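Remarks on the overall topology
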Amino acid sequence: MADNKLWSAAERKCLYLLQRSNNTIPALLQIHAFILKNSLYTNLNLLSKFITTCSSLALTRPNHAVSIVRHARRIFDHHPHHRDEFLCNSMIATHFAIRQFHESFTLFRDLRRGSETFTPGGYTFTALVKGCGECLAKREGLEVHGVVVKNGFGLDLYVATSLADMYVKFGVMGSARKVFDEMHDRSVVSWTAVIVGYARRGDMSEARKLFDEMPDRDVAVFNAMIDGYVKLGCMGLAKDLFDRVEDTNVVSWTSMISGYCKNGNVDSARLMFDAMDEKNVFTWNAMIGGYCKNKRPHEALSLFREMQLSASLEPNEITVLSILPAVADLGALDIGGWIHRFVQSKRLDRFVHVCTALVDMYAKCGEITKARLVFEEMPEKETSSWNALLNGYAVNGRGKEALAVFEEMIHEGFKPNEITILSVLSACNHCGMVKEGRRCFEAMEKFGLTPQIEHYGCMVDLLGRAGCLEEAEKLIQTMPYDANGIILSSFLFACGYFKDIKRAERVLKEAEKMEKGLAGDYVMLRNLYATEQRWTDVEDVKQMMKKRGSYKEVACSVIEVDGSFREFVAGDNLHSHLELIKLTLGQLWKHMKLEMIF
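Just so it is clear, the structure is predicted and the values come from calculations on it, not from any experiment.

Brief notes about the overall build of the chain
Within the chain one finds 33 helices and two strands. Out of the 598 residues in the chain, the part that is buried amounts to 46%. A sequence separation of at least 24 residues applies to 58% of the contacts in the chain between residues at least 6 apart. Summed over all atoms, the accessible surface of the chain reaches about 32,400 Å², with 52% contributed by carbon and sulfur.

Structure representation (structure tokens):
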């Protein structure tokens, strides 16, 4: 930029106004009027500053971004000095700032073809290459690369680094490595770009080779390597690198916590979480989500409450999505209601996936009316939103309402997927709607869907519960999958319910080949023998269970009482409120007997 001392008072005042951080759209228009009134448009540096100010303002005013940039472009197009590289770069960068990639490339081509020769420099090419990478514009990227080489910028450190990173984003590691190998000078950013490319595609062997050759390493490249090992489940190698980082940051710690949670080692993740000096919302989300994914909802809710006490942190939509499954698992409606109010106060209900999670939570907590209300108030819906509501009706035994919602979904133009059909089949199953279930199962082909083993399992369960044992067995035999333990157990219990001993014995033999989860199957067959007073067979089943070491897991349930959770285990005589529970049950039993008398 020219020396400010040579500028007029009007130019200096205009520059001061453009450099303010609190500029608004009206203020920008007034500055433009000031430029026109004082004939300052011949000052190219001032004009470039005006265009970059438009770019900055557009980023903070997304609803008006296009009109702001359009205004800047009109000023640029009416300016005669298109040879100035800085001015042209400013306009190209402004288009890129609001992701107007097509306009950026078109402007570059027009400038090169114009009557006034525009000579692009390293900054121009760096901006263009980065833009190609951001929008995955492969054809334009190859074109720009050709112009880079033609203009002698192929060995420029910044341009070459951007090219390598562009090819990494394209997933063309061969070209990225070729650019990297041909570089005379390399920065830490150059090395990191290529290492990140190999790590993202899971080629940790090649990434490690480059990492070991890298002369100077910063925390960013360590984080890339740690993340690569974490995604492959190699937590030992990830921990080895983590211990070697001199200045670990929040990203390093959060990657390790996520990795441990993904591998099921939640306790190690919690140890790292507690050892962190500084946490951000992503760290909390990783730990809360880790508890939920590993079926530890109590810890998830406890940690969520702890997060609420932090004055410097506020839950975001990811936190909400992480914690709602735990709320649903425990039926913690008080907390679920608080989260719903929080979502509304922070306007997170504009996110479809957040509203869908709320529908799912209310439905699983038995509040299907509230689930439907949230669904109806959604500003927009996706197939997953309909699926959440359908599944809610299914788990609450509202088969007719589920079918009505399914028909409404089709009428609204939403295409069902495999989960949609599974939810409808489940609803039919819960309500014994065999005819409707058959019709839905057969309609999958019409929707372009292939039945998965879960769909066959649901149909087998539906037919079995309805007593259509022969049809269910035939479906098992003809389906294109090997029957799993869940399907066989489901069918076995149907055989038991309808006292079809021969069929039950035949199914149990198939289940025994899998040698998994047989305890409940043995118990069912033992009870079936007992009802028929076949005591010798009962004893044989008992001996078989002992021989195999099979035992039935104890049933357990959880309820929320005054904001805390009470766990009940079948056969547990050590509950802290056992006497009170017995007394209450006794009173209820007396009340029921009186009702029956009257």
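Further notes follow.
Remarks on the nonpolar core
Ranked by size, the top nonpolar core spans 186 residues in total, and within it Ile-257, Met-287, Ile-323 and Ile-339 carry the most contacts. Ranked by residue count, the leading element in this core is helix 21 (residues 352-364), at nine residues. Those residues within four positions of Ile-323 in sequence are excluded, and the remaining contacts are Ile-288, Cys-292, Ala-300, Leu-301, Phe-304 and Ile-339.

Focus on the UniProt feature "repeat: PPR" (unreviewed entry) in the chain
Here, UniProt's "repeat: PPR" (unreviewed entry) annotation points to residues 187-221, 249-279, 280-310, 382-416 and 417-451. Along residues 280-310, the helical share is 81% and the strand share 0%, with 11 Å between the first and last C-alpha atoms. Secondary structure over residues 382-416 splits into 74% helix and 0% strand, and the C-alpha atoms at its two ends are 10 Å apart.

Looking at helix 10 (residues 173-182)
Since one α-helical turn is 3.6 residues long, residues separated by three or four positions face the same way. Buried within helix 10 we find Met-173, Ala-176, Arg-177, Val-179 and Phe-180. One face of helix 10 carries all of its buried residues, which in axial projection span an arc of 160°.

Quick notes on the pattern of salt bridges
Pairs can form between side chains of opposite charge whenever their charged atoms are close. Under the counting rule described, the total for this entry stands at 24 salt bridges. Here Asp-77 and Arg-73 are joined by a salt bridge, their closest N and O atoms 2.9 Å apart. Within this pair, Asp-77 and its partner Arg-73 are both found in helix 4 (residues 65-77), separated by four residues, close to a single helical turn. A residue is classified by how much of its surface remains accessible, and Arg-73, at 19% relative accessible area, is buried. In the salt-bridge network here, residues are joined through shared partners; they are Arg-177, Asp-181 and Glu-206.

Points about the packing of helix 10 against helix 11 (residues 188-200)
Put simply, helix 10 and helix 11 touch, their axes get as near as 10 Å, and they point 160° apart. Relative to helix 11, helix 10 is oriented roughly antiparallel. For the crossing formed where helix 10 meets helix 11, the hand is left-handed. For the pair formed by helix 10 and helix 11, the contact residues are Met-173, Ala-176, Arg-177 and Phe-180 on the first element and Ser-190, Trp-191, Val-194, Gly-197 and Tyr-198 on the second. Of the residues contributing to the contact of helix 10 with helix 11, the split by class is six nonpolar, two polar and one charged.

Let's talk about the environment of Ile-368
With respect to the secondary-structure elements, Ile-368 resides in helix 22 (residues 368-377). By relative accessible area, which is 5% here, Ile-368 ends up buried. Once residues lying within four places of it in the same chain are set aside, the contact partners of Ile-368 are Tyr-362, Ala-363, Leu-389, Gly-392, Tyr-393, Asn-396 and Arg-398.

Quick look at the packing of aromatic side chains
Applying the stated rule across the entire model yields 17 aromatic pairs. Judged by centre distance (5.0 Å) and plane angle (80°), the ring pair of Tyr-497 and Phe-498 falls under edge-to-face. Put simply, the rings of Phe-96, Phe-101 and Phe-105 touch in pairs and so form one group of aromatic residues. Above the face of the Phe-273 ring, Lys-279 is positioned so that its terminal group lies 4.9 Å from the ring centre.

Some details on unusual backbone geometry
The phi dihedral of Ser-39 is positive, around 55°, even though this residue is not glycine. We note that Arg-347 has phi near 55°; this positive angle belongs to a residue other than glycine. Residue placement: Arg-347 occurs in the loop between helix 20 (333-345) and helix 21.

Things to note about the packing of helix 3 (residues 44-60) against helix 5 (residues 85-97)
Orientation of helix 3 relative to helix 5, taken along the N-to-C sense of each, is 5°, at an axis distance of 9 Å. Overall, the two elements helix 3 and helix 5 adopt an arrangement that is roughly parallel. Across from Leu-44, Asn-45, Leu-47, Ser-48, Ile-51, Thr-52, Ser-55 and Leu-59 in helix 3, the residues of helix 5 making contact are Phe-86, Leu-87, Ser-90, Met-91, Thr-94 and Ala-97. Of the residues contributing to the contact of helix 3 with helix 5, the split by class is eight nonpolar, six polar and no charged.

Some remarks on the side chain of Arg-177
By the secondary structure assignment, Arg-177 is in helix 10. Not counting residues up to four positions away in its chain, the partners in contact with Arg-177 are Val-194, Tyr-198, Glu-206 and Leu-210.

Observations concerning the environment of Arg-83
You can see Arg-83 is positioned in the loop between helix 4 and helix 5. Given the relative accessible area of 55%, Arg-83 is considered exposed. C-alpha of Arg-83 to C-alpha of Leu-111: the two residues are 28 residues apart in sequence and 8.4 Å apart in space.

Section: the side chain of Ser-55
Mapped onto the fold, Ser-55 is located in helix 3. Owing to a relative accessible area of 11%, Ser-55 belongs among the buried residues under this scheme. Setting aside its immediate chain neighbours within four residues, Ser-55 contacts Thr-94 and Ala-97.

What to know about helix 6 (residues 101-113)
Over its 13 residues, helix 6 extends 19 Å from the first C-alpha to the last, a length consistent with the 18 Å expected when each residue adds 1.5 Å. Where helix 6 is buried, its residues touch helix 4, helix 5, helix 7 (122-134) and helix 8 (138-150).

About the thresholds
Residues numbered from 1 in each chain as written. Predicted model: local features only at pLDDT ≥ 70, side-chain atom pairs only at ≥ 80, totals over all residues. Heavy atoms only, no water. Helix = DSSP H or I, 4+ residues; strand = E, 2+ residues; numbered from the N terminus. Buried < 20%, exposed > 50% of the residue type's maximum accessible area, 1.4 Å probe, protein only. Contact = heavy atoms within 4.5 Å. Areas by Shrake-Rupley, 256 points an atom, 1.4 Å probe, with all protein chains shown as cover. Core = buried A, V, L, I, M, F, W, Y, C linked by side-chain atoms within 4.5 Å. UniProt positions renumbered as here; feature names shortened; annotations may be inferred. Arc of directions from axis to C-beta. Salt bridge = Lys/Arg side-chain N within 4 Å of Asp/Glu carboxyl O. Axes fitted to C-alpha atoms, helices over the stretch in contact; angles between N-to-C directions. Parallel < 35°, antiparallel > 145°, perpendicular 65-115°, else oblique. Left-handed = near helix turned anticlockwise from the far one by under 90°. Nonpolar A, V, L, I, M, F, W, Y, C, P; charged D, E, K, R; others polar. Phe/Tyr/Trp six-rings, centres within 6.5 Å; stacked < 30°, edge-to-face > 60°. Lys NZ or Arg CZ within 6 Å of the ring centre and 35° of its normal. Expected span 1.5 Å × (residues − 1).

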